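# What the coordinates show
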Amino acid sequence: MKSTIVLLGPPGSGKGTQGEKLCSEFGYVKLSTGDMLREAVKNGTELGKKAKEYMDAGALVPNDLIIGMMKEKIAAADGKVILDGFPRTIEQADALGEQMDVDIALNLDVDDGELVKRITMRRSCPSCNAVYHLLYNAPKNEGVCDKCGAKLYQRDDDTEETVLNRLKTYREKTMPLIGYYEGKGKLVTVEGVGSIDEIFEKVKKAIQ
Ligand code: AMP
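Summarised in this report is the structure supplied together with it.

Assigned secondary structure in the chain consists of nine helices and seven strands. In terms of overall dimensions, the chain has a C-alpha envelope of 45 × 40 × 35 Å along the principal axes. Scored against the burial criterion, the 208 residues of the chain give a buried share of 45%. If you take every contact in the chain between residues at least 6 apart in sequence, the share linking residues at least 24 apart comes to 71%. On the chain, the mean spot of the 30 positive side-chain charges and the mean spot of the 33 negative ones are 2 Å from each other.

So this is what it looks like as structure tokens:
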């Protein structure tokens, strides 16, 4: 089984959900730049203050801030690692390549209409970062995280308006990574449609 996995795919394609399942089933450690940035915003750190305006606009946080943050986290990570939301630009991918070898870039492919539906109905846990969908993956008790009991919320950038910007940003800045990893013979694309468990079956096959 692959030991370093980059999760590629647009916002809402299921990177967080599938990454979480790989962690609980196979003991991966997931490093999510989005979760780290939201934590920094919540704690009011310097990084959080700088990142917030980009995140709220659906733009990417500047490469130097992200690369600096991830260098430390990757250096500290032990064992099998999943990178969720990093790299998102060629510059970030080059920086990652200097630090560690990527075994596989798993690209979750989902069409735009489905992405908007998924993201605007997404609810997140501010405490353990679990994600839910109001229809497809609803929490057992309305508004409450199944895993840790915290009150669920809608991310500031999960509104329809910001989602369209995030998709545009994805196409311009992140999609070129598909060709980048394909050229290195590392790319595997999985169609991210169907139930969470059906997609997970395909994901498991892809990382063997
Ligand atoms: P996510 O939770 O992965 O959807 O990320 C939420 C937001 O955090 C993105 O829309 C960006 O503003 C920012 N972000 C997350 N990862 C990165 C990254 N690798 N590079 C730049 N910005 C990022």
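Right, picking up where we left off after that structure.
With that settled, consider the environment of Arg123. By the secondary structure assignment, Arg123 is in strand E5 (residues 122–124). Since its relative accessible area comes to 22%, Arg123 is described here as partly exposed. Excluding its chain neighbours within four sequence positions, the residues that come into contact with Arg123 are Ala130, Val131, Tyr132, Leu134, Leu152, Tyr153 and Gln154. Polar contacts involving the side chain of Arg123 include one to the main-chain carbonyl oxygen of Thr120, which spans 3.4 Å.

By secondary structure assignment, the location of Ser124 is in strand E5. With a relative accessible area of 6%, Ser124 lands in the buried category. In this structure, Ser124 is in contact with Ala130, Val131, Leu152, Tyr153 and Arg155, ignoring residues within four places of it in sequence.

A contiguous patch of negative charge, built from Asp64, Glu91, Asp94 and Glu98, is present on the exposed surface. Its location among the elements puts Glu91 in helix H5 (residues 90–99).

Our focus in this paragraph is the nonpolar core. In globular proteins that are soluble, nonpolar side chains generally tend to be buried together. Membership of the largest hydrophobic core comes to 25 residues, with the highest contact counts inside it found for Val6, Leu8, Met70, Leu83, Leu96 and Tyr181. At the level of elements, strand E1 (4–8), helix H2 (33–42), helix H3 (46–57), helix H4 (63–76), strand E3 (81–84), H5 and helix H8 (176–183) are the ones that each hand at least two residues to this core. Contact partners of Tyr181, with chain neighbours within four places excluded, come to Val6, Leu8, Pro87, Ala93, Leu96, Val102, Ala105, Lys186 and Leu187. Membership of the second largest hydrophobic core comes to 15 residues, among which are Ile82, Leu108, Val190 and Phe200.

On the basis of which strands lie adjacent, the open sheet formed by five strands has the order E2-E3-E1-E4-E7 and parallel pairing. In the strand order of this sheet, the two ends are held by strand E2 (29–32) and strand E7 (187–191), each with one partner. Neighbour-to-neighbour, the strand axes of this sheet turn through a mean angle of 25°, independent of strand direction. Here four bridges tie E1 to E3, and the two strands are oriented parallel to one another.

As a further point, take helix H7 (residues 160–174). Taking 1.5 Å per residue, 15 residues should reach 21 Å; H7 reaches 20 Å between its end C-alpha atoms and fits that length. Restricting attention to buried positions, one finds in H7 the residues Thr162, Val163, Arg166, Leu167, Thr169, Tyr170 and Thr174. For H7, the arc enclosing every buried residue in end-on projection is 165°, short of the 170-degree limit, so these residues lie on one face. Turning to H7, the residues buried within the fold contact H3, strand E4 (104–109), helix H6 (112–120), E5 and H8.

Scoring rules and cut-offs
- Within any chain, residue numbers begin from 1 and follow the written order of that chain's sequence.
- In keeping with the model being predicted, local features are shown solely for residues with a pLDDT of at least 70 and side-chain atom pairs are shown and tallied solely at 80 or more, while totals for entire chains, interfaces and linings include all residues.
- To obtain the side-chain values, all non-hydrogen atoms of the structure were included, while hydrogens and water were left out.
- Segments assigned H or I by DSSP are reported as helices when at least four residues long, segments assigned E as strands when at least two residues long, and all are numbered from the N terminus.
- Note on classification: 1.4 Å probe, protein chains only; a residue is buried when its accessible area is under 20% of the maximum for its type, exposed when over 50%, partly exposed between these limits.
- The criterion used for residue contact is that any of the two residues' heavy atoms lie within 4.5 Å.
- For the charge count, each Lys or Arg is scored as positive and each Asp or Glu as negative, with His and the chain ends excluded.
- One atom stands in for each charge, and that atom is NZ of Lys, CZ of Arg, CG of Asp or CD of Glu.
- Pairing of N or O atoms within 3.5 Å defines a polar contact, subject to two protein rules: one partner must be a possible hydrogen donor and the other a possible acceptor, and residues neighboring in sequence count only if both atoms are side-chain atoms.
- Patch building starts from residues that exceed 30% relative accessible area and form no salt bridge, then joins like charges within 9 Å and nonpolar side chains (Val, Leu, Ile, Met, Phe, Trp, Tyr) within 5 Å.
- Method for areas: the Shrake-Rupley scheme with a 1.4 Å probe, in which residue coverage is limited to the protein chains shown.
- Here a salt bridge means any side-chain nitrogen of Lys or Arg lying within 4 Å of a carboxyl oxygen belonging to Asp or Glu.
- We define the nonpolar core as a collection of buried residues of types Ala, Val, Leu, Ile, Met, Phe, Trp, Tyr and Cys that are connected through side-chain atoms lying within 4.5 Å of one another.
- A pair of strands is considered paired only if DSSP assigns at least 2 bridges between the two.
- Every angle, taken between N-to-C directions, lies between 0 and 180 degrees, and every axis is a line fitted to C-alpha atoms, over only the stretch in contact when it is a helix.
- The span one expects for a helix is its residue count, reduced by one, times 1.5 Å.
- Summarising the geometry, the arc corresponds to the directions from the helix axis toward the C-beta atoms.

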